[in-house]
Amino acid sequence: MSERRPVRVALLGCGTVGTEVLRLMHEQADDLAARVGAPLEIAGIAVRRLGRDRGALPVDPALFTTDALGLAKRDDVDVVVEVVGGIEPARSWLVTALRAGRSVVTANKALLAEDGGTLHDAAAEGGADLYYEAAVAGAIPLLRPLRESLHGDSVTRVTGIVNGTTNYILSAMDATGAGFTEALEEATELGYAEADPTADVEGFDAAAKAAILASLAFHTRVGAADVHREGITEVTAADMASAKAMGCTIKLLCIASRGPDGTGRDSVSVRVHPAMIPRSHPLAGVGDAFNAVFVEATAAGQLMFYGRGAGGAPTASAVLGDLVAVARNRLAGVRAASESAYAALPIRPMGEAVTRYHISLDVADRAGVLAAVAGVFASHGVSIATVRQAGRGAGAELVIVTHQAPDAALAATVAGLRHLEFVRAIVSVLRVEGDS
């Protein structure tokens, strides 16, 4: 291979992912140079604190700086890799870099979901590439197939497990019968959950990823605010046992679909919430902290992407894949296809999403209860699929599974049940997805 000018890379962030990027760039330097057509060279590394112990990194300490913005707009930088996260100041750094014609590789799901449009507009203005495979599902090659391989097809639905922490917790609850708190403690001890797990267990992380997936799948700008979000903190051991009795398990799902809204217009629905799925479903067997995404397209049919969705090495693998791609583009003097948001479909309200409910009611054990409960369902146009009574007397509980209905009608039914005098409590409400 003839000697070519190195492609110079500015790395913003040197935490868990950033250090893995540096390690892999060093260990695979010759292979990466062969794939790109020129060596990859670190131009600088932006960090918050210069004095922090980062172990033995394979780089010159003089490359470290606290001036991320200055590094991102340096004339000798070709590609900016951002693994800091958060909205600001990352947005300002990347917008500046893109407008100046620097290609960007980012793993920043929160920023892409919050304001991805601004980044895409800046990339178009500067004639630069914007790649972000690492933002969703770690090393699993998912985003590029959606934005490139399936561009000749029409994606109708994307269903996925995109958060490893919650999947570990729910898998542990399913396997051992543990409650949420106990499973969360175990996940924290094993390093699967952060000290503050809110972003994971309340569904914020999954919602950001859902917005990115929906944007690519349906050629429409979808933001985090467009995603209906519920976490897993209310899922109980009793819910998991009830799911088992139905031949199901419970997963935190990201579900994005394209279809008609209430007026018949083509639209997009995006939601994240725990749901029961039958054990025969491809996603039911995804355990531990793994991720999997099930894509349905008109011509390609059903596709499934599976693997480790987080961690320093898997995420760094995705970052390097994008880095090779944008570096090759720069050497060739071309840029990748720009954002595809031509469809600009409206977002369908959660109330119009068609789903099923599993409802557990603590009820008085007396004549007429079932008829009155059924009357509430009928008044809202919701059909009951199955009814099961568990216990007697003070411990009587009705477990009801509905047929498909608009979510608004199901929610109104639950609200109506609360007003029945012999319904002591609504123990739990979970959605049911898939065929069961």
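Conventions we followed
Per chain, the residues get numbers from 1 upward, laid out in the order the sequence is written. For a predicted model such as this one, the threshold for reporting local features is a pLDDT of at least 70, and the threshold for listing and counting side-chain atom pairs is 80 or more; totals across whole chains, interfaces and linings nevertheless cover every residue. Think of the side-chain values as coming from all heavy atoms in the structure, minus any hydrogens and water. To qualify as a helix, a DSSP run of H or I must reach at least 4 residues; to qualify as a strand, a run of E must reach at least 2; elements of each kind are numbered from the N terminus. By convention in these notes, a salt bridge is any Lys or Arg side-chain nitrogen within 4 Å of a carboxyl oxygen on Asp or Glu. Under this scheme, a helix contributes an axis fitted over its contacting stretch, all axes are lines through C-alpha atoms, and angles between N-to-C directions fall in the 0 to 180 degree range. Working definition: roughly parallel below 35 degrees, roughly antiparallel above 145 degrees, roughly perpendicular at 65 to 115 degrees, and oblique for all remaining angles. Handedness of a helix crossing follows the sense of rotation of the near helix relative to the far helix, less than a right angle counterclockwise being left-handed and clockwise being right-handed. For this analysis, residues touch if any pair of their heavy atoms sits within 4.5 Å. In this classification, Asp, Glu, Lys and Arg are treated as charged, Ala, Val, Leu, Ile, Met, Phe, Trp, Tyr, Cys and Pro as nonpolar, and every other residue, Gly included, as polar.

## As for unusual backbone geometry
The linkage connecting Glu88 with the following residue, Pro89, adopts the cis geometry, with an omega of 10 degrees. The phi dihedral of Ala344 is positive, around 45 degrees, even though this residue is not glycine. When you line up the elements, Ala344 lands in the loop between α12 (312-332) and β13 (354-363).

## Some words on the pattern of salt bridges
Throughout the structure, instances matching the rule amount to 25 salt bridges. Across the pair Arg8 and Glu41 runs a salt bridge, and its minimum N-O distance is 2.2 Å. On the criterion of sequence distance, the pair formed by Arg8 in strand β1 (residues 7-12) and Glu41 in strand β2 (residues 40-46) is long-range, its members being 33 residues apart. For Glu20, the salt bridge is made with Arg23, and the minimal N-O distance between the two is 2.6 Å. Here Glu20 pairs with Arg23, and both are found in helix α1 (residues 16-27), just 3 residues apart, close to one helical turn. Among the charged side chains, a salt-bridge network with shared partners connects Arg8, Glu41, Arg74 and Asp76.

## Description of the packing of helix α5 (residues 109-126) against helix α10 (residues 204-218)
Remark: α5 packs on α10, axes separated minimally by 8 Å, with the N-to-C direction vectors making an angle of 55 degrees. Judged by the angle between their axes, α5 and α10 are oblique. The two elements α5 and α10 cross, and the hand of that crossing is left-handed. Contact with α5, carried on its side by Lys109, Leu112 and Ala113, involves Asp205, Ala208, Lys209, Ala211 and Ile212 of α10 and no other residues of that element. Here the contact of α5 with α10 is composed, by residue class, of 5 nonpolar, no polar and 3 charged.

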